[in-house]
Amino acid sequence: MRGFWKAFARNRLAVLGGIVVICLVTAALLAPVLAPWDPYRPDVKKILDPPSGRHLLGTDQLGRDVLSRMLHGARVSLAVGFVSVGIAAAIGIMLGAAAGYHGGTVDATIMRLVDLMLVFPRFFLLLAVLAFLKPSIWTIMVVIGLTGWMGVARLVRAEFLALKEREFVVWSQAVGANAFRIIWRHILPNAMAPVLVAMTLGIPAAILTESGLSFLGLGVQPPRATWGNILNEGKDAIELAWWLSVYPGLAILLTVLSYNLLGEGIRDALDPRLRQSAGRVVSRGS
Amino acid sequence: MLAYALRRLLLAIPLLLGITIVSFLVLHLAPGDPAAVMVGGSEQPIDPEMYKQLVKVYNLDKPLWQQYWLWLSSLVRLDFGRSFAPHGRPVLSMIGERLPITLLLNIVEMLIIVATAIPIGALSATRQYSTFDKVTTIFVFVGFATPDFWLALLLMILFGVQLGWLPISGLRSLNWEYLSFWRQQADFLSHLALPVLVATFGGLAGFSRYMRQSMLEVIRQDYIQSARAKGLAERVVIGKHALRNALLPIVTILGLSLPTLIGGSVIVESVFAIPGMGQLMVQAAFERDYPVLMGNLVIVSTLTLVANLLADLAYSLVDPRIRVGRRRR
């Protein structure tokens, strides 16, 4: 663990990414306190005001403060990132562990399922599902999680295939420990490092996906503010109000960039060998 | 080679069946009665006549497996049903109009990505830690993090609104019919410029990264050392021996990232109002147009499957180890 921190601290970009991530999480958690205005109260006297001292990032078509809306939007990104990656990781770990540990038919079946899921262009699948569901933030999180577990499953399976031949596993099998216990207590803890890296890199991918869906109007619905749907509304005023199109996108860029730097930094610090193998297992947003 | 191709083809058949099962289930397991959803959402009162008709046409009164079977047997006859939109056109002809546009966009995009990412990646690997390498690394990280729809908006503001150089929506100008032949081509190309740029950006970042990685691994190999040792010019060592071997994994990665690239069409086409499969999908999702959504999903994923298969075969052509040795996992 000491070695990990030392290696991580030497990577200045990763540390910077980590600091930005902490700031973003804090800002999202404290959004109700930090936001200078009510993000949901329209004001007809201030429609599409350009950035100024009173409204640092301007106002939108309904005269709502963009900065306050973006701070509240950060909460959505944060929640979607963590929860959908949590769901994806849970499914991926279970299926990957089952496939890698049991092998044979179980393995073949699960891996064909992975192949099948990977054949669907993700946005097409997401749109087909979302068309018939009530588009709430919960639906979005679940749907993104359900379509994003394949990378983790492959990764966990590969780790299990390697680890189950090792002596400590073979010994536990020899003394009669049951499969469930061996998987959870002996193999999984040893396979967690690459999974954690994949999860860190999965968060920005989920954030990109959610903002894309909200931008299309099929994600989190107004009046709830998200970075994606502020951009969607900004698109209609593109010739009048550049600030509606520029700032939320900048926020997404900064967030995704920081998580990626952090994730890759953790990966390199954990184990230089992983540099090549762990890769970007959770696919990029689109 | 033929045996390998046949085996891959056989493996694709269950996947094809799987595609239809997932496409069917995704839309039928959604909560609520699909017929009711079609007739106008849960809030509005439902016209009982129309409801009965829909239930009958789509066999919604039958058990799920029978519905699937009926749907599948019409798919085999290339009958994808009719759209729920007022025009009620056959889904297959709607897709037929839009597929060439999406294919064109994706093929152009892929060619540009491959043509630029390979030299960029190879150069930054051979000059590791040089200024060029550092600049491309920054570009890669920014490229990965840039939302494509936002990049599209920025380019629209810059080139469309501020400078007025390029058109920002559709594929043809309003006066297209009155232009001379060459003007028509130029008009078409200028409409393609921004969408292709946006679609290429993210993929370019990814691929130059992979190419760099792959090249870095190859130039550390022994056979590169021996190529140098026998006195070959550095140009030949890098350009011929290293590059060829570094390209191998790129073929696989290209195949694997096809769904992501094609999925990107959804965003690009809807931002730039390009009448392709992606835009059709978004429209159908808003209108809850069942047959179009299902048909689109089946066709797009089948195409991805075919493209994956082609990438696999291409890989086995360039790397005989795959054919003879272990099966790729």
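Residues numbered from 1 in each chain as written. Chains lettered and ligands numbered in written order. Predicted model: local features only at pLDDT ≥ 70, side-chain atom pairs only at ≥ 80, totals over all residues. Heavy atoms only, no water.

## With respect to the overall build of chain B
Alright, step 1. Of regular secondary structure, chain B possesses 14 helices and zero strands.
Alright, step 2. Mapped in sequence order, the helices and strands of chain B form the string α-α-α-α-α-α-α-α-α-α-α-α-α-α.
Alright, step 3. Projected onto its principal axes, the C-alpha coordinates of chain B cover approximately 85 × 55 × 40 Å.
Alright, step 4. The buried share of chain B, reckoned over its 329 residues, is 47%.
Alright, step 5. For chain B, long-range pairs separated by at least 24 residues make up 70% of all intrachain contacts whose partners lie at least 6 apart in sequence.
Alright, step 6. For chain B, the accessible surface area stands at approximately 17,100 Å², while carbon and sulfur atoms represent 66% of it.
Alright, step 7. Averaging the positions of the 28 positive and the 20 negative side-chain charges in chain B gives two centres separated by 14 Å. (Helix = DSSP H or I, 4+ residues; strand = E, 2+ residues; numbered from the N terminus. Buried < 20%, exposed > 50% of the residue type's maximum accessible area, 1.4 Å probe, protein only. Contact = heavy atoms within 4.5 Å. Areas by Shrake-Rupley, 256 points an atom, 1.4 Å probe, with all protein chains shown as cover. Lys, Arg positive; Asp, Glu negative; His and termini not counted. Charge placed at Lys NZ, Arg CZ, Asp CG, Glu CD.)

## A short note on the pattern of salt bridges
Alright, step 1. Overall, the coordinates contain 13 salt bridges over all chains when judged by the stated rule.
Alright, step 2. Here A:R64 and A:E233 are joined by a salt bridge, their closest N and O atoms 3.4 Å apart. One end of the pair, A:R64, is in the loop between α3 (31–34) and α4 (66–102); the other, A:E233, is in helix α11 (residues 227–235), and 169 residues separate them in sequence. Neither A:R64 nor A:E233 differs from the other in exposure class; each is buried.
Alright, step 3. A salt bridge links B:R228 to B:E234; its shortest N-O distance comes to 2.9 Å.
Alright, step 4. Assessed through its relative accessible area of 30%, B:R228 is described here as partly exposed.
Alright, step 5. Ionic contacts of the salt-bridge type, sharing partners, join the residues A:D60, A:R64, A:R69 and A:E233 into one network. (Salt bridge = Lys/Arg side-chain N within 4 Å of Asp/Glu carboxyl O.)

## A look at the packing of helix α5 (residues 91–126) of chain B against helix α8 (residues 181–219) of chain B
Residue and element names in this part refer to chain B.
Alright, step 1. Running from amino to carboxyl end, α5 crosses α8 at an angle of 35°, the nearest separation of the two axes being 5 Å. Our pair here, α5 against α8, has a crossing hand that is right-handed.
Alright, step 2. In terms of residue class, the contact of α5 with α8 is built from 21 nonpolar, seven polar and two charged. (Axes fitted to C-alpha atoms, helices over the stretch in contact; angles between N-to-C directions. Left-handed = near helix turned anticlockwise from the far one by under 90°. Nonpolar A, V, L, I, M, F, W, Y, C, P; charged D, E, K, R; others polar.)

## Focus on helix α6 (residues 131–145) of chain B
Alright, step 1. With 15 residues, α6(B) ought to run about 21 Å at 1.5 Å a step, and its terminal C-alpha atoms sit 21 Å apart, in line with that.
Alright, step 2. All buried positions along α6(B) are accounted for by B:D133, B:T136, B:V140, B:F141, B:G143, B:F144 and B:A145. (Expected span 1.5 Å × (residues − 1).)

## Quick notes on the interface of chain B and chain A
Alright, step 1. The interface of chain B with chain A comprises 56 residues on the first partner and 47 residues on the second.
Alright, step 2. Together, the buried faces of chain B and chain A total about 4,700 Å²; carbon and sulfur atoms form 77% of this surface.
Alright, step 3. Three residues, B:F144, B:F149 and B:W150, lead the burial of chain B against chain A; their summed loss comes to 14% of the area buried on that side.
Alright, step 4. Taken together, chain B and chain A are joined by one salt bridge.
Alright, step 5. Linking chain B with chain A are four residue pairs in polar contact (both at pLDDT 80 or more).
Alright, step 6. Elements represented by at least two residues in the side of chain B that touches chain A include exactly α1 (2–28), α6, α7 (148–162), α8, α11 (258–271), α12 (277–287) and α13 (290–318) of chain B.
Alright, step 7. When residues in the side of chain B that touches chain A are grouped by element, the largest group, nine residues, is from α11(B).
Alright, step 8. Residues of the side of chain B that touches chain A, tallied by class, amount to 36 nonpolar, 14 polar and six charged. (Buried area = accessible area lost by both parts, 1.4 Å probe. Polar contact = N/O pair within 3.5 Å; in protein donor to acceptor, adjacent residues only side chain to side chain.)

## Re the nonpolar core
Alright, step 1. Counting residues in each nonpolar core, the largest one holds 129 residues, and the members touching the most others are A:L127 and B:F272.
Alright, step 2. The biggest single contributor to this core is helix α12 (residues 242–270) of chain A, with twelve residues.
Alright, step 3. When sequence neighbours within four positions are dropped, the list of residues in contact with A:L127 reads A:L213, A:L216, A:L218, B:V266, B:M281, B:V282 and B:A285.
Alright, step 4. Counting residues in each nonpolar core, the second largest holds 22 residues, with B:M110, B:I113, B:L216 and B:I238 among its members. (Core = buried A, V, L, I, M, F, W, Y, C linked by side-chain atoms within 4.5 Å.)

## Quick notes on the confidence of the model for chain B
Fine structural detail should not be taken from predicted coordinates in areas where pLDDT scores are low.
All names here are of chain B.
Alright, step 1. Of the residues in chain B, 92% have a pLDDT of 70 or more, and the chain-wide mean is 84.
Alright, step 2. Averaged pLDDT values over the elements of chain B bottom out at 63 in helix α2 (residues 34–40) and peak at 92 in α5.
Alright, step 3. Two numbers describe this predicted complex: its pTM, 0.87, and its ipTM, 0.85. (pLDDT = per-residue confidence, 0-100.)

## Side note on unusual backbone geometry
Alright, step 1. Along the chain, A:P222 connects to A:P223 via a cis peptide bond; the corresponding omega equals 10°.
Alright, step 2. In this fold, A:P223 is placed in the loop between α10 (179–216) and α11.
Alright, step 3. The phi angle at B:L78 is positive, at roughly 60°, despite the residue not being glycine.
Alright, step 4. As for its placement among the helices and strands, B:L78 is situated in the loop between α4 (64–76) and α5.
Alright, step 5. A relative accessible area of 56% means that B:L78 is categorised as exposed.

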